[in-house]
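Here's the letter readout for the chains.
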Amino acid sequence: MNKDLKFLIVDDFSTMRRILRNLLKEVGYENVEEAEDGNQAFHKLQIMAFDFVITDINMPNMNGFQLLKSIKTEDKLKHLPVLMVTAEARKEDIVLAAQSGAAGYIVKPFTKATLEDKLKVILVKYNLV
Amino acid sequence: MSEINKSNIHQELGQLTRQLHTALNGLGMLDPVKNLAGEIPDARSRLTYIANLTGNAAEKVLNIVDEEKLKHEKLQKECKNVKNWIKENGDVNLDMEVIIDFIEKVKNNSIDSDEKMTSIMMAQDFHDLTTQVVEKVMSLTQNIEQHLVKLVVETAPEGFVDKKEDTNLKIEPLTIETYEPIGPSVDAENNKNVVSNQSEVDDLLASLGF
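Now for a description of the structure that goes with this document. (Residues numbered from 1 in each chain as written. Chains lettered and ligands numbered in written order. Predicted model: local features only at pLDDT ≥ 70, side-chain atom pairs only at ≥ 80, totals over all residues. Heavy atoms only, no water.)

1. What to know about the overall build of chain A
The cut-off we apply is this: A run of DSSP states H or I qualifies as a helix once it reaches four residues; a run of E qualifies as a strand once it reaches two. Both are numbered from the N-terminal end. Here the globule rule is a power law, 2.2 Å times the number of residues to the power 0.38, and the radius of gyration is based on C-alpha atoms. When accessible area is computed with a 1.4 Å probe and restricted to protein chains, residues below 20% of their type maximum are described as buried, those above 50% as exposed, and intermediate ones as partly exposed. Note on definitions: a residue-residue contact is assigned when non-hydrogen atoms from the two residues lie within 4.5 Å. We get accessible surface area from the Shrake-Rupley algorithm with a probe of 1.4 Å; when it comes to residues, only the shown protein chains can shield them.
Scanning chain A from terminus to terminus reveals 5 helices and 5 strands. For chain A, the α and β elements follow one another from N to C terminus as β-α-β-α-β-α-β-α-β-α. Taking 129 residues into account, the globule formula puts the C-alpha radius of gyration at 14 Å, and chain A, at 13 Å, falls close to it. Here chain A holds 129 residues, and 59% of them are scored as buried. Counted over contacts in chain A with a minimum sequence separation of 6, partners at least 24 positions apart contribute 63%. When the accessible surface of chain A is split by element, carbon and sulfur atoms take 49% of a total near 5600 Å².

Put into structure tokens, the structure is as follows:
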């Protein structure tokens, strides 16, 4: 397990960012940065190196889908796995995420076990273990 | 826009407003609608209250959890140290003071954790308060809905047909450019277009080859 992986958590709710940070710490990942919205996240991605992005969808100033698109259309960022963690539960949302290149999709509320499972699968797929 | 046009539009708006006022008055709904309009700012402040209360409760609980997790981490390390110390000191007479001191620490930690659990329990009081406020707002919106439905029904032209919703929902493709989030689904069990849990998400993705 590569404990040095750097995560970017993107969510407009500080409570959710805190929960995700704590959960990542519990599964062994402490190298975490946060952003309140897509704009802030994209700016951080330009100036710092990250290995993994976890993002909400419903956010002001660039939603999660717009962030996903921005990441997947930028040469130096498109390799990044992007895991959507969101309350948006329409089937169309899930289909759009998959077609737009999201690495995974978790609906809120979720459990630690779900996050852990999805992380494991994605990290293996993206050769980040 | 020319001054004449602006003036004409203003006159038309004035006429429409007067007609609406007369219609509402004629239906006996002028006062109820006025009262309802007055209650909407109150509903907004109630919802803000709910958001603040739940946010504060979440913050309180997370702070307590952070503190406790740190303490438990330290205690676990100490347990490991004491265990190793006992193993290494094998047959030698153990320093009972160290053992007793350690047990006392564990006991005090446990008492403290218990108090923190009580604090977490008490922080759930927001549920009672927010439920009361939510019920009040629900009653208001129900009231508004009833009056509006009555208004629509009583002013509907003859031959108005109520379109039934298509229950055989197809998944219409979305695009990122036109995407509008709708937030949490509150009635997933009765909505075929919404997933209820993570298993359904995974099944849908698997069925699409992802």
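2. Here we look at unusual backbone geometry
Residues and elements named next belong to chain A. With omega at -5°, the peptide bond leading from Lys108 into Pro109 counts as cis. Relative to the assigned elements, Pro109 resides in the loop between strand S5 (104–107) and helix H5 (112–125). Positive phi, close to 100°, is recorded for Met62, a residue that is not glycine. Its place among the elements puts Met62 in the loop between strand S3 (52–55) and helix H3 (64–72). In this model, Asn127 sits at a positive phi of 55°, which is unusual for a non-glycine residue.

3. Comments concerning the packing of aromatic side chains
The condition is simple: When the centres of two rings from Phe, Tyr and Trp lie within 6.5 Å, Trp using its six-membered ring, the rings pair. Their planes under 30 degrees apart give stacked, over 60 give edge-to-face, and anything left gives tilted.
Under the definition given, this model contains 3 aromatic pairs over all chains. Relative to Tyr179(B), the ring of Phe65(A) has its centre 4.6 Å away and its plane inclined at 70°; by these criteria the two rings are edge-to-face. Taken together, the positions of Phe65(A) in helix H3 and Tyr179(B) in the loop between helix H4 (126–155) and helix H5 (198–207) put the pair across two chains. What links up through ring pairs into an aromatic cluster is the set Phe7(A), Tyr29(A) and Phe52(A).

4. Some details on the pairing of strand S2 (residues 32–35) of chain A
Residues and elements named next belong to chain A. We apply this condition: Pairing between strands is defined by DSSP: at least two bridges between them are needed. The handedness of a crossover follows from its direction of travel: if, with the strands pointing away from the viewer, the path from the first strand over the helix to the second runs clockwise, the crossover is right-handed.
With 4 bridges connecting them, strand S1 (residues 7–10) and S2 associate as parallel partners. Note on S2: the bridge partner recorded for Ile9 is Glu34. Tracing the backbone out of S1, into helix H1 (residues 14–26) and back to the parallel element S2 gives a crossover that is right-handed.

5. Quick notes on the packing of helix H2 (residues 38–47) of chain A against H3(A)
Residue and element names in this part refer to chain A. This is how it is decided: Axis definition: a line fitted to C-alpha atoms, limited for helices to the stretch in contact. Angles are taken between N-to-C directions and run from 0 to 180 degrees. Between 65 and 115 degrees an angle is taken as roughly perpendicular, under 35 as roughly parallel, over 145 as roughly antiparallel, and anywhere else as oblique. It is the rotation of the near helix from the far one that decides the hand of a crossing: anticlockwise by less than a right angle makes it left-handed, clockwise makes it right-handed.
Running from amino to carboxyl end, H2 crosses H3 at an angle of 20°, the nearest separation of the two axes being 9 Å. Judged on the interaxial angle alone, H3 and H2 are roughly parallel. The interaxial crossing formed by H2 with H3 has right-handed handedness. Residues Gly38, Ala41, Phe42 and Leu45 of H2 pack against Leu67, Ser70 and Ile71 of H3.

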